[in-house]
Amino acid sequence: VDRRTGAGILPEESRVAATRLATAAIGQAPTDLEVGLDAARLLIRAGAASDAARVLRSIDHPDARALRADAAIAAGRPEAALELLAGDDSPLGSLLRGRALLASGDPTAALAQLRAARRGTSAGSDPWWDATLHLARAQIALGQLDDARALVRTARVLHPVDARRAAHAPLERLHEELQ
């Protein structure tokens, strides 16, 4: 797992299976918007960002821009993600911009974006957990270990973690590392 971007969170054998599944789904329903978006999400999580970008090229939908930015971050191209997110002041835009800034080595700028993302999302939702995780990572990058520990501890107390949920597992791993 790339700690800065969250890319490649599946084991190699699961990545291969996820890529096959996404490819098969697209092959069976090549013009279905939801299938394409879901396949791109799966490919990004599987660490196949270039395959996700290829799928997203043919999709003209507002959700596709955020997924393109997510794929760019996962592919190690945070600058491309920042370009895609220009003018997007949504909580998701702030989250992705914060992740891109963190991946590009600017944890100070990432803090403001990730805090805005947390404020703009429902506490306990998957985007909120993602923002919390990356905010803690930005604090760690800045040497603010006590702040990161407090953030993770408070988040876990206020919103119990279900490690089976994909959004919770990375935060649980980070919590264990901070102990």
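Every value quoted in this text rests on a predicted model; they were computed, and no experiment measured them. As a convention, each chain's residues are numbered from 1 in the sequence order in which they are written. Under the rules for a predicted model, residues below a pLDDT of 70 receive no local features and side-chain atom pairs below 80 are neither given nor counted, while totals for whole chains, interfaces and linings still include all residues. In computing side-chain values, all of the structure's heavy atoms are included and hydrogens and water are not.

The subject of this paragraph is the overall build of the protein. Helical segments are the DSSP runs of H or I of at least four residues, strand segments are the runs of E of at least two, and each set is numbered from the N terminus. The helix and strand tally for the protein stands at 10 helices and 0 strands. Helices and strands appear in the protein in the N-to-C order α-α-α-α-α-α-α-α-α-α. Buried means the residue's accessible area, taken with a 1.4 Å probe over protein chains only, is under 20% of the maximum for its type, while exposed means over 50%, and partly exposed covers the values in between. Looking at the 179 residues of the protein, the share that counts as buried comes to 40%. Each accessible area is a Shrake-Rupley result for a 1.4 Å probe, and residues are judged covered by the shown protein chains and nothing else. Surface accessibility of the protein: about 9100 Å² in total, with carbon and sulfur atoms responsible for 52%.

A separate point is helix α4 (residues 62-74). Taking 1.5 Å as the rise per residue, α4 with 13 residues should run 18 Å; its terminal C-alpha atoms sit 19 Å apart, in good agreement. Every buried residue of α4 is listed here: A64, A66, L67, A69, D70, A71, A72 and I73. Any two residues whose heavy atoms approach within 4.5 Å are treated as being in contact. Buried positions along α4 lie against α2 (33-45), α3 (49-57), α5 (78-84) and α6 (91-103). Multiplying one less than the number of residues by 1.5 Å gives the expected span of a helix.

Further remarks concern the packing of α2 against α3. Note on geometry: axes are C-alpha line fits, over the in-contact stretch for helices, and angles between N-to-C directions span 0 to 180 degrees. Contact pair α2 / α3: the axes reach a minimum separation of 7 Å and the direction vectors enclose 165°. On the basis of the axis angle, α2 is roughly antiparallel to α3. Between α2 and α3 lies a crossing whose hand is left-handed. Contacts from G36, L37, A40, L43 and I44 of α2 reach α3 at A49, D51, A52, V55 and L56. Side-chain classes follow a simple rule in which Ala, Val, Leu, Ile, Met, Phe, Trp, Tyr, Cys and Pro form the nonpolar group, Asp, Glu, Lys and Arg form the charged group, and the remainder, Gly included, forms the polar group. In the contact of α2 with α3, the residues fall into 8 nonpolar, 1 polar and 1 charged. The cut-offs work like this: below 35 degrees is roughly parallel, past 145 is roughly antiparallel, 65 to 115 is roughly perpendicular, and the gaps in between are oblique. Left-handed is the label given to a crossing in which the near helix is rotated counterclockwise from the far helix by less than a right angle, and right-handed is the label when the rotation is clockwise.

Here the aromatic set is Phe, Tyr and Trp, taking the six-membered ring for Trp, and pairing holds for ring centres within 6.5 Å; pairs whose planes are under 30 degrees apart are stacked, those over 60 apart are edge-to-face, and all others are tilted. All told, the structure shown has 1 aromatic pair when counted by the stated rule. On the basis of an interplanar angle of 80° and a centroid distance of 5.1 Å, the ring pair of W128 and W129 is categorised as edge-to-face. With respect to burial, W128 and W129 carry one shared label: buried.

Glancing now at the nonpolar core. Judged by nonpolar contacts, the single largest core of 21 residues is most densely connected at A110, L114, A136, A138, V152 and L174. Where this core is concerned, the elements lending two or more residues are α6, α7 (107-120), α8 (126-141), α9 (145-158) and α10 (169-178). Ranked by residue count, the leading element in this core is α8, at 7 residues. Of all hydrophobic cores here, the second largest spans 13 residues; its members include L43, V55, I59 and A64. Put simply, a nonpolar core is a bunch of buried Ala, Val, Leu, Ile, Met, Phe, Trp, Tyr and Cys residues held in one set by side-chain atoms that sit within 4.5 Å of each other.

Further remarks concern α7. Compared with the 20 Å implied by 1.5 Å per residue over 14 residues, the 20 Å span of α7 between its first and last C-alpha is a close match. Buried residues of α7: P107, A110, L111, L114 and A117, and no others. With its buried residues spanning 135° around the axis, α7 presents them on a single face. Turned more than 90 degrees away from the buried face of α7 sit T108 and R119, all of them exposed. At its buried positions, α7 is contacted by α6 and α8. What the arc describes is the spread of directions from the helix axis to the C-beta atoms.

Another aspect to go through is the environment of D38. Summarising the element assignment, D38 is placed in helix α2. Classification of D38 by relative accessible area gives partly exposed; the value is 44%. Residues D38 and L67 lie 29 residues apart in sequence; the distance between their C-alpha atoms is 9.9 Å.

Let us now look at the confidence of the model for the protein. Across the chain, each position has a pLDDT score giving the predictor's confidence in that residue, from 0 to 100. A residue-level look at the protein finds 80% of positions with pLDDT of 70 or above and a mean pLDDT of 82. Here residues 1-9 scores under 50 on pLDDT; set against residues more than four positions off or in separate chains, the count is 21 contacts.

Here a salt bridge means any side-chain nitrogen of Lys or Arg lying within 4 Å of a carboxyl oxygen belonging to Asp or Glu. One pass over the structure, following the stated rule, counts 4 salt bridges. Two residues, R65 and D88, come together in a salt bridge whose shortest N-O distance is 3.6 Å. In this pair, R65 is assigned in helix α4 and D88 in the loop between α5 and α6, connecting sequence segments 23 residues apart. Of the charged contacts, one joins E172 and R156 as a salt bridge, the two residues approaching to 2.5 Å between their closest N and O atoms. On the criterion of sequence distance, the pair formed by E172 in helix α10 and R156 in helix α9 is long-range, its members being 16 residues apart. Owing to a relative accessible area of 26%, R156 belongs among the partly exposed residues under this scheme.

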